Amino acid sequence: MSYSSKSKTLALLPKFTGFLSFVGSTYIFQDVVFHKKTVNRVYHRLILGLSCADMIASVVNILSTWPIPEGSKGVYLASGTTQTCTAQGFFNELGNLATPLYNASLCCYYVLVIRNAWAEDRIRTRAEPFMHLVPITIAFTIAILGIPFTLYNNSGWLCWIAAYPAKCQADGTCTRGAHADTFRWVHYAI
């Protein structure tokens, strides 16, 4: 089968950029974890959470088209099954929701430190639990909801929230992911 250069680029480029992102996040992770004194600070624990979420998203990008069901039309290197696509879609949603939500927690941390002049102990007891709970709870909840709604399907260059077969929502012939548009809007809104 012949594949377009666009299809090959969409399959290969995320592997490279995902690898670079994974290396960067892994470096931050090991820097925080192996320097025990830094784990005692709220800032470093938030960075640790952000790095973990980004490592998940990075692995999804490294895998790119591999988990997409084999034989998917026009998808270079597709060699997976519906189950591998669902797994990639779950982790894609988890990582790509938790990452910006942890970034928002980090922004809240900066506001509390810089603008409100909160001390480390006050942030640790009053705000930090929510700074971890919100990203983790929202990301896991939305990611888990995608499973019973069969939302995780081939979305082009990886598995994410998509209707299957493609463009089935117009005529109501979807076998999977009938509510994909609604969930994509929820994802974008977060």
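What comes next is a walk through the structure. (Residues numbered from 1 in each chain as written. Predicted model: local features only at pLDDT ≥ 70, side-chain atom pairs only at ≥ 80, totals over all residues. Heavy atoms only, no water.)

### Notes on the overall build of the chain
Then step 1. When you go through the chain residue by residue, the secondary structure sums to 5 helices and 2 strands.
Then step 2. Reading the helices (α) and strands (β) of the chain from amino to carboxyl end gives α-α-α-α-β-β-α.
Then step 3. Expressed as lengths along the three principal axes of its C-alpha atoms, the size of the chain is roughly 60 × 35 × 25 Å.
Then step 4. Across the 190 residues of the chain, 39% fall into the buried class.
Then step 5. Here the chain displays about 10,700 Å² of accessible surface, and carbon together with sulfur accounts for 67% of that area.
Then step 6. Once the 15 positive and 9 negative side-chain charges of the chain are each reduced to a mean point, those two points are 3 Å apart. (Helix = DSSP H or I, 4+ residues; strand = E, 2+ residues; numbered from the N terminus. Buried < 20%, exposed > 50% of the residue type's maximum accessible area, 1.4 Å probe, protein only. Areas by Shrake-Rupley, 256 points an atom, 1.4 Å probe, with all protein chains shown as cover. Lys, Arg positive; Asp, Glu negative; His and termini not counted. Charge placed at Lys NZ, Arg CZ, Asp CG, Glu CD.)

### Some thoughts on a nonpolar patch on the surface
Then step 1. There is a patch of nonpolar side chains on the surface, built from F130, L133, V134, I138, V186 and I190 and spanning about 490 Å² of accessible area.
Then step 2. Among the elements that make up the nonpolar patch, the one with the highest residue count is helix α4 (residues 120-145) (4 residues). (Patch = residues over 30% accessible without salt bridge, like charges linked within 9 Å, V, L, I, M, F, W, Y side chains within 5 Å. Salt bridge = Lys/Arg side-chain N within 4 Å of Asp/Glu carboxyl O.)

### Here we look at the packing of aromatic side chains
Then step 1. Counted according to the given criterion, the structure contains 8 aromatic pairs.
Then step 2. Each ring, one from F90 and one from F140, has its centre 6.5 Å from the other, and the planes form 55 degrees; the classification is tilted. With a gap of 50 residues between them, F90 in helix α3 (residues 82-115) and F140 in helix α4 connect regions that are remote in the sequence.
Then step 3. Look at F90 and you get buried, because its relative accessible area is 13%.
Then step 4. On the basis of relative accessibility, which here comes to 38%, the residue F140 falls in the partly exposed class.
Then step 5. An aromatic cluster is present here, built from Y43, Y109 and Y110 joined pairwise through their rings.
Then step 6. The side chain of K15 reaches across the aromatic face of W66, ending 3.4 Å from its centre.
Then step 7. Stacked on the ring of W118, the Lys or Arg R122 has its end atom at 4.1 Å from the ring centre. (Phe/Tyr/Trp six-rings, centres within 6.5 Å; stacked < 30°, edge-to-face > 60°. Lys NZ or Arg CZ within 6 Å of the ring centre and 35° of its normal.)

### Comments concerning the environment of E70
Then step 1. Within the secondary structure, E70 is located in the loop between α2 (42-63) and α3.
Then step 2. The spacing of E70 and G80 is 10 residues in sequence and 5.3 Å in space, taken between C-alpha atoms.
Then step 3. In contact with E70, other than residues within four places in its own chain, are A78, S79 and G80. (Contact = heavy atoms within 4.5 Å.)

### Describing the state of the cysteines
Then step 1. In the structure shown here, the tally under the stated rule is 2 disulfides.
Then step 2. Covalent S-S linkage joins C85 and C159, the inter-sulfur distance amounting to 2.0 Å. On the sign convention where negative is left-handed, the bridge of C85 and C159, at about -110 degrees about the S-S bond, is left-handed. Highlighted residues: C85 in helix α3 and C159 in strand β2 (residues 159-161), separated in sequence by 74 residues. No difference in accessibility class separates C85 from C159, as the two residues are buried.
Then step 3. The disulfide that involves C168 links it to C174, with 1.9 Å between the sulfurs. Sign of the S-S torsion, about 95 degrees for the bond between C168 and C174, identifies this disulfide as right-handed.
Then step 4. C174 gets classed as partly exposed once you look at its relative accessible area, which sits at 21%.
Then step 5. Across the chain, the way the bonded cysteines pair up, counted in sequence order, is 1-2, 3-4.
Then step 6. You can see C107 has no disulfide; the closest cysteine sulfur is in C108, sitting 7.0 Å from it. (Disulfide = S-S within 2.5 Å.)

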